[in-house]
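Structural description and commentary
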Amino acid sequence: MGSGKKAPPSRGAFSFFHPLRVRWAEVDPQGIVFNANYFVYADVAVTEYFRKIGFAFPDGLARFGTDLFAVNASADFYASARFDAELDLGVRVARLGRTSFEFEVGVFENEKSLVSVSLTYVNATRDQSRAPTPLPEALVQEILSLEKTPPERK
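To keep things clear, this report deals only with the structure shown in the data block.

1. Quick notes on helix H2 (residues 137-146)
Within the sequence span of H2, burial applies to Leu139, Val140, Ile143 and Leu146. One side of H2 carries all its buried residues, which in axial view fall inside an arc of 135 degrees. In this fold, the buried residues of H2 make contact with strand E1 (16-21), helix H1 (37-52), strand E3 (86-96), strand E4 (100-109) and strand E6 (152-153).

Next comes the structure, spelled out in structure tokens:
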């Protein structure tokens, strides 16, 4: 793809899905989901992913004295969802570093890939310094046990 856009994700790359139905307030005058709402959808799905692996917000990482801070978000759009569409949000950790990781969230309507959202988070101290801190090993192990497509390790 010459435009720099990534190829659409495959449903098979994901082991966790969260369902979501498009609400009227989320569509624009064209009758399609307004693009910024896909970041809201991704946030909802990531929250459910953390719940699934036993690190539910807001206390999941607090027990380690850390929290997650978003440092990057991007999206590639392939097709549009419309009001009342039933979507499946696939979530996976695509990259796992020492202090950070990147989620890939695939938005699907049936088998069709509509959008791919990338969210990068840094694990850091909860104080004002927000110093990057290694990911808790318990979190890393839960991620690795859920993922069927192993994350890239950096």
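2. A few points about the nonpolar core
Counting residues in hydrophobic clusters, the biggest one holds 38 residues, and the most contacted among them are Tyr49, Phe50, Leu87, Phe101, Phe103 and Leu139. Elements that contribute at least two residues to this core include exactly E1, H1, E3, E4, strand E5 (112-125) and H2. Of all the elements, H1 adds the most residues to this core, at seven residues. Here Leu87 is in contact with His18, Pro19, Leu20, Val22, Tyr41, Ala81, Val107, Phe108, Glu109 and Leu114, once residues within four sequence places are set aside.

3. What about the packing of aromatic side chains?
The tally for this structure, following the rule as stated, stands at 16 aromatic pairs. Pairing Tyr38 with Tyr41 gives two aromatic rings, centres 5.6 Å apart and planes at 80 degrees, and the pair type is edge-to-face. On the criterion of helical spacing, the pair formed by Tyr38 and Tyr41 is a turn pair, its members being three residues apart in helix H1. Taking relative accessible area as the criterion, Tyr41 reaches 1% and is therefore assigned buried. When the ring of Phe50 is compared with that of Phe103, the centres are 5.6 Å apart and the planes differ by 80 degrees; the resulting orientation is edge-to-face.

4. Quick look at H1
Here H1 spans 23 Å end to end across 16 residues, near enough to the 22 Å set by a 1.5 Å rise per residue. If you check which residues of H1 are buried, you get Asn37, Tyr38, Tyr41, Ala42, Ala45, Val46, Tyr49 and Phe50. Packed against the buried residues of H1 are E1, strand E2 (66-77), E3, E4, E5 and H2. Gly54, located one to two residues past H1, shows a positive phi value of around 85 degrees.

5. Brief notes about the pairing of E3
In terms of burial, E3 is largely enclosed, as nine of its 11 residues are buried. Sheet analysis places E1 next to E3, joined by six bridges and oriented antiparallel. Directly across from Pro19, in E3, lies its bridge partner Asp88. Pairing of E3 with E4, which is carried by eight bridges, proceeds in the antiparallel orientation.

6. As for the pattern of salt bridges
Counted according to the given criterion, the structure contains 10 salt bridges. Measuring nitrogen to oxygen at the nearest pair gives 3.0 Å for the salt bridge that ties Arg51 to Glu48. In this pair, Arg51 and Glu48 are both assigned in helix H1, three residues apart and thus about one turn of the helix distant. Residue Arg51 is classed as partly exposed on the basis of its relative accessible area of 48%. It is possible to trace a salt-bridge network through shared partners that takes in Arg11, Asp88 and Glu111.

7. Some thoughts on unusual backbone geometry
Residues Phe57 and Pro58 are joined by a peptide bond in cis, for which omega reads 0 degrees. Turning to its location among the elements, Pro58 is positioned in the loop between H1 and E2. One non-glycine residue, Asp84, lies in the positive phi region at around 75 degrees. By the element assignment, Asp84 lies in the loop between E2 and E3. With a phi angle near 45 degrees, Arg130 is a residue other than glycine that sits in the positive phi range. When you line up the elements, Arg130 lands in the loop between E5 and H2.

Parameters at a glance
Residues numbered from 1 in each chain as written. Predicted model: local features only at pLDDT ≥ 70, side-chain atom pairs only at ≥ 80, totals over all residues. Heavy atoms only, no water. Buried < 20%, exposed > 50% of the residue type's maximum accessible area, 1.4 Å probe, protein only. Helix = DSSP H or I, 4+ residues; strand = E, 2+ residues; numbered from the N terminus. Arc of directions from axis to C-beta. Contact = heavy atoms within 4.5 Å. Core = buried A, V, L, I, M, F, W, Y, C linked by side-chain atoms within 4.5 Å. Phe/Tyr/Trp six-rings, centres within 6.5 Å; stacked < 30°, edge-to-face > 60°. Expected span 1.5 Å × (residues − 1). Pairing = 2+ DSSP bridges. Salt bridge = Lys/Arg side-chain N within 4 Å of Asp/Glu carboxyl O.

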